[in-house]
Amino acid sequence: MTNRSQAQYLRIFNENTTYTRWQSYYIGTTVTWQSASWSYHPFNADGLIGGTSGSDVGVSIEVPATSTAVQVFTDALSSNRLCQLLIYEFNSSRQQVSPPSNQLLIGSYVGEVTGISGSFSLLQVQLGSSLAPVGAQTPPRKYTNYLVGAPIRL
Amino acid sequence: MNVRFNDPLSLLPYQTGLLVTPLKEAAARGQSSLDSKQTAVVLGEPIPIVFCRRLSNVGGVFVSPSATEGRFSNNASTNELTVRLQLVLSEGDLPQLQIRDVFQRACRVGTWKQSYDSRTEAWLPGNVITSVAGKKFWNCPYYCGTGGTYDNITTLSYLNTHADGDETWDKQVHCFVRQGMKVTRILDDTLGPSNNVVDLALYLIRQSSRFPEAMLDLDAMESAALFTNANGFFYNGLFDQSNNLEDWLQGISRNFLLRVSDKNGKKAFKPRLPVNDNGTIKTTTISWVFTFTEDHILPDGFEIEYISLAERKPICAQMLWRQQPDDDIGIIRVMQVRFSNEAANGPFEQIDLSQFCTSENHAVKVGAYEVARRKYVTHSLRLRIKPDAFNSTLTLGDIVRVRLRRETEVDEVSLHDFLYEVERINKTISGIVELDLIHFPINASGQSILAVLVNNASGTGVLLPTGRSNFECDDPDRREDPDPLPTDPQPPPDPPDPPDGEEDLPDDEDPAPPGPDVPNPPDPAEPNPPEICGGTGGEGRPLPGDEMEVCGGTEVCDGMYNEWYLCPGSSTEINPSCTKVSQGVAVKYINANNSAGLRVFVRGRCPDPSSPDGYGPPTDSEGTPPIGGDDGKDWAPTPNPTSATRFRINGGAAAPIGEIRSELLDFLSTTGPIIYVKRGTFTPYDNPALIYYGWVWVRYTAPNGTVVNVSSSATGGYIDNASLGGLGINPKPWGGSVTNLDTGQPWPFS
């Protein structure tokens with residue numbers, strides 16, 4: 001009989017550095033997966049893994065508002081760090097000690113921490129794109145005095 | 001569990017860009033006004049991007065560059081006017097224009113040069129027009145510009161002369177750009193002009209600096225670029241209108257039969273039609289990746305929304321595009337696309353591609369898609385399903401089949417059996433998967449109906465004449481001259497000051513928490529606690545023997561019932577370790593002599609006839625400082641007594657008060673107003689029992705003139721720790737050991 005389980009992994013990183021690797025399935029344990037160590041930290045994530053841009057695509061993470069979590073996510077928000085969520089599925093009727101080598105990746109999401117809200121004890125972290133749906137961004141450059149001086153008046 | 005599907009299913013076709021109706025119809029945006037007045041750059045305007053690549057006589061864009069600098073001079077005798085203009089052609093680096101492609105009005109005239117990343121030619125801006133007798137005065141601009149750095153900008157220098165009285169001197173100059181701004185093309189990874197809208201989108205996304213590279217799905221972008229390239233959907237246009245990037249991506253993608261999608265958090269373009277590996281439209285039988293049946297769908301997990309009649313009615317799509325001859329100015333064309341025998345007399349829906357579309361086939365195929373999707377795409381679906389084998393394989397854009405039995409009639413089973421394209425995937429922590437699907441119509445052969453219609457749609461191939469037959473206003477031989485414009489980059493004549501035009505704010509502030517607590521203002525609804533007065537020591541510190549009372553005006557009420565407590569020195573409030581020492585209406589309390597080190601509290605209660613004991617809830621004061629000091633050692637409250645005039649040691653209960661035992665004189669001494677216990681000079685008395693019952697008397701005069709006697713009498717007749725200001729560490733300190741008196745500290749009357 002299949003006992004379908006999901007394990008979620010969270011990585012916060014930028015171009016050069018991985019700051020945090022968390023997993024929420026193996027309680028109180030640091031596990032090794034894909035040659036990296038993932039420490040335990042409770043969190044839940046769900047949301048739109050894929051969709052049409054602009055239709056509220058994004059992932060929401062619920063995490064206890066521990067000092068560590070507050071620090072990790074506020075740093076990520078302030079420093080434009082990326083957050084990668086990996087969701088694996090496996091048969092948990094077998095061992096539950098470490099990630100099984102044959103677990104299947106059923107969801108993957110890379111986003112920026114676009115918002116944090118919640119209560120004193122629970123944080124809800126929104127992952128998505130910082131590409132604002134309002135505001136002019138293109139063409140990217142505008143005429144300035146530096147570029148063209150004081151232009152001719154015709 | 002969070003379910004993030006907040007949008008009604010009916011919005012799905014609009015959000016995916018399947019249904020988009022123009023909000024207004026206007027003149028073709030690709031049209032250029034030829035005989036207008038020369039325009040000038042205005043600070044704050046976007047710097048235009050000329051994005052095009054003319055291939056096989058298709059493409060290119062006609063632009064009207066604005067001026068930043070000018071120089072106007074005339075001949076002192078003939079009054080011939082010489083006009084020089086510095087023009088901004090585009091952001092970025094453009095290959096050199098051809099001599100045949102530069103105009104003033106509709107005429108190929110003047111002398112041109114082109115540079116990148118600098119201004120072109122060395123002339124200085126200014127107006128040096130002089131008045132010539134008998135000639136018309138040239139009324140040229142006086143504010144002629146100052147020059148700038150033109151960083152990463154392609155500039156033109158235009159020179160032309162005008163005979164006396166020529167009124168065309170201030171007319172707009174134009175350029176036909178065959179090869180636009182250089183970018184790194186995604187398909188061949190080469191730096192050069194591009195006509196692929198995906199290249200333009202990537203350039204804009206990267207330049208906006210708001211989107212990490214890790215969130216771009218470059219593989220999908222490359223597939224989309226291959227699709228537009230293979231099907232002849234090219235961008236040849238001027239990008240100069242301020243836009244929201246997301247809006248622009250959504251809008252422009254539809255005109256290239258693409259759509260913007262977020263897959264696994266990564267942004268990408270995706271073709272709206274099935275495609276082959278080489279990017280061409282797939283017109284063969286469509287296969288699907290998974291079939292959903294009753295076994296997969298959860299209870300209440302099926303929701304369907306049919307597209308409204310208004311979005312289904314047949315229309316005639318009027319597609320505006322731009323025909324671009326090789327040797328002349330482009331003209332706007334209109335192609336009407338409709339199904340046979342439908343919408344012959346409208347309604348008409350205009351779709352303006354003229355700003356960037358120079359291919360008739362491109363316009364026709366987009367039009368075919370618009371009218372076909374109205375006819376054949378009928379509904380959208382939302383499913384809630386349990387996880388299964390698809391869970392690790394299903395991705396955005398996959399084609400799936402939904403086959404459900406509908407048993408509503410006796411002896412007859414019908415089927416809801418359609419193909420769909422996956423538009424959204426929502427995965428929850430519970431394992432439930434939610435899918436938003438849009439109908440994917442196929443014909444009897446299993447081909448995508450839309451793909452077949454779009455693939456087969458093509459233009460007439462007819463090229464309209466431009467209507468121009470006279471080219472006499474062109475300078476000789478210009479029309480066929482493909483030579484590139486010369487270049488002449490020059491530094492700015494007058495570098496802008498400040499040089500960078502920027503104000504860099506210092507970034508050396510580390511956020512810090514606020515400083516020490518600032519007490520909140522008292523709540524006026526709460527009674528102020530009573531305060532304790534009567535301490536005669538320094539700063540109002542109470543001493544043994546002081547009479548403590550509630551300070552006048554701080555009573556909670558008239559007739560307040562006072563309860564006095566002595567609490568341990570560490571107490572911050574009245575607690576079970578405190579001892580009630582006195583109580584009564586307006587009663588005071590006199591500190592006991594053995595109370596050193598304790599704190600005094602008063603609890604005030606107001607008369608309340610409804611209370612069993614006649615008094616209401618208590619209001620507690622803050623504690624006083626410890627009597628005689630924080631730890632009992634600082635026994636004397638007077639920081640600097642006027643005098644410590646007398647001391648004696650009484651020999652015991654039987655001895656008369658005042659008897660001074662000379663053998664103990666070296667035990668105590670005075671130094672000025674401060675009384676010390678000498679270190680190491682104590683000589684044990686040969687009869688400790690006598691001392692055991694002895695009294696120590698010290699008398700000093702406080703600064704306020706009060707004469708204070710401190711004695712061990714209150715300790716029951718022997719000298720204890722408190723009565724010696726805590727110096728003694730044994731309640732019977734006279735056992736003969738000098739260590740019983742820690743004489744390292746002053747017996748501080750200071």
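What counts, and where the lines are drawn
Residues numbered from 1 in each chain as written. Chains lettered and ligands numbered in written order. Predicted model: local features only at pLDDT ≥ 70, side-chain atom pairs only at ≥ 80, totals over all residues. Domains from an automatic or database assignment. Contact = placed C-beta atoms within 7 Å. Buried ≥ 20, exposed ≤ 12 C-beta atoms within 10 Å, placed from the backbone. Helix = DSSP H or I, 4+ residues; strand = E, 2+ residues; numbered from the N terminus. Pairing = 2+ DSSP bridges. Core = buried A, V, L, I, M, F, W, Y, C linked by C-beta atoms within 7 Å. Axes fitted to C-alpha atoms, helices over the stretch in contact; angles between N-to-C directions.

1. Here's the deal with the domain arrangement of chain B
Residues and elements named next belong to chain B. Split by domain assignment, chain B resolves into domain 1 (49-180), domain 2 (182-271), domain 3 (290-308 + 377-455), domain 4 (310-376), domain 5 (532-620) and domain 6 (643-740). The gap between the C-alpha centroids of domain 1 and domain 4 is 36 Å. Each side of the interface is counted separately: domain 1 has seven residues, and domain 4 has seven residues.

2. A short note on the pairing of strand β3 (residues 66-74) of chain B
Residue and element names in this part refer to chain B. Of all nine residues making up β3, eight are buried, and the element is well covered by its neighbours. Here eight bridges tie β3 to strand β4 (residues 81-91), and the two strands are oriented antiparallel to one another. When the sheet's bridge partners are listed, E69 is paired in β4 with Q86. Hairpin connection of β3 to β4: six residues between the antiparallel strands, including N79 at a positive phi of 65 degrees. Here three bridges tie β3 to strand β8 (residues 126-128), and the two strands are oriented parallel to one another. In the strand pairing of β8, S73 is matched with V128.

3. Examining unusual backbone geometry
All names here are of chain B. The residue N57 is not glycine, and still its phi comes out positive at about 60 degrees. Locating N57 in the fold gives a position in the loop between β1 (49-51) and β2 (61-63). The phi torsion at N152 lies on the positive side, around 55 degrees, for a residue other than glycine. Along the chain, N152 turns up in the loop between β8 and β9 (153-162).

4. Focus: helix α4 (residues 245-254) of chain B
Of all 10 residues that make up α4(B), eight are buried, and the element is covered over most of its length. Every buried residue belonging to α4(B) is among B:L245, B:E246, B:W248, B:L249, B:Q250, B:I252, B:S253 and B:R254, and all of these are buried.

5. A short note on the pairing of strand β1 (residues 4-13) of chain A
All names here are of chain A. Both β1 and strand β7 (residues 82-91) contribute to a ladder of 10 bridges, which runs antiparallel. Bridge pairing links A7 to Y88 in β7. In terms of strand pairing, β1 meets strand β2 (residues 18-23) through five bridges, oriented antiparallel. Among the inter-strand pairings, I12 is bridged to a residue of β2, identified as T20. Once β1 ends, the chain turns through four residues before running back antiparallel as β2.

6. Notes on the nonpolar core
B:V50 and B:M319 are the most contacted members of the largest nonpolar core, which totals 98 residues. Ranked by residue count, the leading element in this core is helix α2 (residues 197-208) of chain B, at eight residues. When neighbours within four sequence positions are excluded, B:M319 is seen to be in contact with B:V334, B:M335, B:V337, B:I351, B:L353, B:A363, B:V364, B:V366 and B:G367. Counting 29 residues, the second-largest nonpolar core is a separate cluster that includes A:A69, A:V72, A:L82 and A:V113.

7. Observations regarding the sheet that holds strand β31 (residues 599-607) of chain B
Residue and element names in this part refer to chain B. Ordered in space as β29-β28-β31-β32, the four strands form an open sheet in which the pairing is antiparallel. Strands at the two margins of the open sheet, each flanked by one partner only, are β29 (579-585) and β32 (615-620). Sheet twist, expressed as the mean angle between neighbouring strand axes with direction ignored, is 20 degrees. Sheet topology places strand β28 (residues 561-567) next to β31; seven bridges connect them, and they run antiparallel. Paired with N562 across the strands is G604, a residue of β31.

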